[in-house]
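Single-letter residue listing:
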Amino acid sequence: AVDEARHDLLAMRAEALANAGRGAEAADSFREAASELERAAFVTRESAKDDVLTLRRRAGEHYLRSGRIDDGMAAMNDVLAHIGIPLPTSRVRALASMAVKRARLLARGIDFDEQAQNAVAKSKLARLDALWSATTSISMLNFVVADPLGVEHLLEALEAGIPSHVIRGLGYEAAFEAVLGGDFFNARCRRLLDRMDHMAARSAIPYDRAWAKMSRGITAWSLGDFATVVRQCDEAELLYREQLGVDADAALG
């Protein structure tokens, strides 16, 4: 019980530090909270493993965003290893994985059976959060390595039927397909964005609407529509700040 009380205090401290913009210190506290909970969970409850995974994921996010790259990559490697999806060890492996996963996505399509988030197992949500966090955090450093994770996230979000994660995945995939370019991918990215916008408009979650606008802006950059870049990104920033209380970089995870 003492260990779990210490974990709670460390987790609250980490959140406070993160909100204050002290990312590296927040990461240290998230990592320490994970270690404390892991020790407590050994003699208490199995379900705490998902909470440990979440705390380690948060540590990795904040390490990477505060510039502690080695610590962040080590944390993300541990998180991904825990869910059975290791990072590609070379650019060639990453490109091969990217091609295979995107072929699966193209063959599958983006239709899905919608599920209420509270009806989905906690372990599945923790897994999707881990994939999403690793994708967005690592993409800032190496988009080739991050891309297979992004496609895997979208594939698993579609299978799980969780609208919020599908919205994220569609926006990320649309932005990447705009980078690939060509008539086929440019037309396809616009279809993905239309589907994302339709879903975000029905969502009661502010993050979904902000992310949809941000994705529109990012994709417009690759398509050369700079007026749309400014408009959509400004609107996204406003939503992030006014409804979520964070800036766009902090909201990525």
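Structure first, text after, so check above.
Residues numbered from 1 in each chain as written. Predicted model: local features only at pLDDT ≥ 70, side-chain atom pairs only at ≥ 80, totals over all residues. Heavy atoms only, no water.

S.K.: Please provide a residue-by-residue account of the packing of aromatic side chains, values included.
M.R.: If you walk through the whole model with that rule in mind, you get 6 aromatic pairs. Consider the rings of Trp 132 and Tyr 172, whose centres lie 6.2 Å apart with planes at 80°: the pair is edge-to-face. With Trp 132 in helix H6 (residues 122–139) and Tyr 172 in helix H8 (residues 163–180), this pair connects stretches of sequence that are 40 residues apart. Like Trp 132, the residue Tyr 172 is buried in the burial classification. Centroid distance Phe 143 to Phe 176: 6.1 Å. Interplanar angle 55°. Geometry classified as tilted. Of this pair, Phe 143 sits in helix H7 (residues 143–160) while Phe 176 sits in helix H8; the two residues are 33 residues apart in sequence, bridging distant segments of the chain. Here a set of aromatic residues connected by ring pairs shows up, and it is made of Trp 132, Tyr 172 and Trp 211. (Phe/Tyr/Trp six-rings, centres within 6.5 Å; stacked < 30°, edge-to-face > 60°. Helix = DSSP H or I, 4+ residues; strand = E, 2+ residues; numbered from the N terminus. Buried < 20%, exposed > 50% of the residue type's maximum accessible area, 1.4 Å probe, protein only.)

S.K.: Tell me what's going on with the nonpolar core, and back it up with residues and numbers.
M.R.: The biggest cluster of nonpolar side chains holds 50 residues, and the ones touching the most others in it are Ile 138, Leu 149, Leu 170 and Trp 211. Of all the elements in the fold, those that place two or more residues in this core are helix H3 (48–65), helix H4 (69–82), H6, H7, H8, helix H9 (182–202), helix H10 (206–223) and helix H11 (226–244). Here the element with the most residues in this core is H7; it accounts for 9 residues. Counting 16 residues, the second-largest nonpolar core is a separate cluster that includes Leu 17, Ala 27, Ala 34 and Leu 37. (Core = buried A, V, L, I, M, F, W, Y, C linked by side-chain atoms within 4.5 Å.)

S.K.: An account of the pattern of salt bridges is requested, with residue identities and associated values reported.
M.R.: Summed over the entire model, instances satisfying the criterion amount to 25 salt bridges. Of the charged contacts in the structure, one is a salt bridge between Arg 68 and Asp 71, with a shortest N-O distance of 2.8 Å. Arg 102 is the partner of Asp 147 in a salt bridge, and the nearest nitrogen-oxygen pair spans 2.9 Å. One end of the pair, Asp 147, is in helix H7; the other, Arg 102, is in helix H5 (residues 91–108), with 45 residues separating them in the sequence. Here Arg 102 falls in the buried class, since its relative accessible area comes to 6%. Connected through shared salt-bridge partners, Arg 6, Glu 32, Glu 36 and Arg 39 make up one network. (Salt bridge = Lys/Arg side-chain N within 4 Å of Asp/Glu carboxyl O.)

S.K.: Which residues make up the environment of Arg 104, and what values go with them?
M.R.: Mapped onto the elements of the fold, Arg 104 is located in helix H5. Given a relative accessible area of 43%, Arg 104 falls into the partly exposed group. A sequence separation of 83 residues divides Arg 104 from Ala 187, and the C-alpha atoms of the two residues are 19 Å apart.

S.K.: Could you give an account of H7, naming the residues involved and the relevant values?
M.R.: The terminal C-alpha atoms of H7 lie 25 Å apart, and with 18 residues this matches the ideal 26 Å at 1.5 Å per residue to within 8%. In terms of residue burial, H7 counts as a mostly covered element, since 16 of its 18 residues are buried. Between the side-chain oxygen at the start of H7 and the backbone nitrogen of Val 144 there is a gap of 3.2 Å, and the oxygen is on Asn 142. Immediately beyond the C-terminal end of H7, within one or two residues, lies Gly 161, with a positive phi of roughly 75°. (Expected span 1.5 Å × (residues − 1). Polar contact = N/O pair within 3.5 Å; in protein donor to acceptor, adjacent residues only side chain to side chain.)

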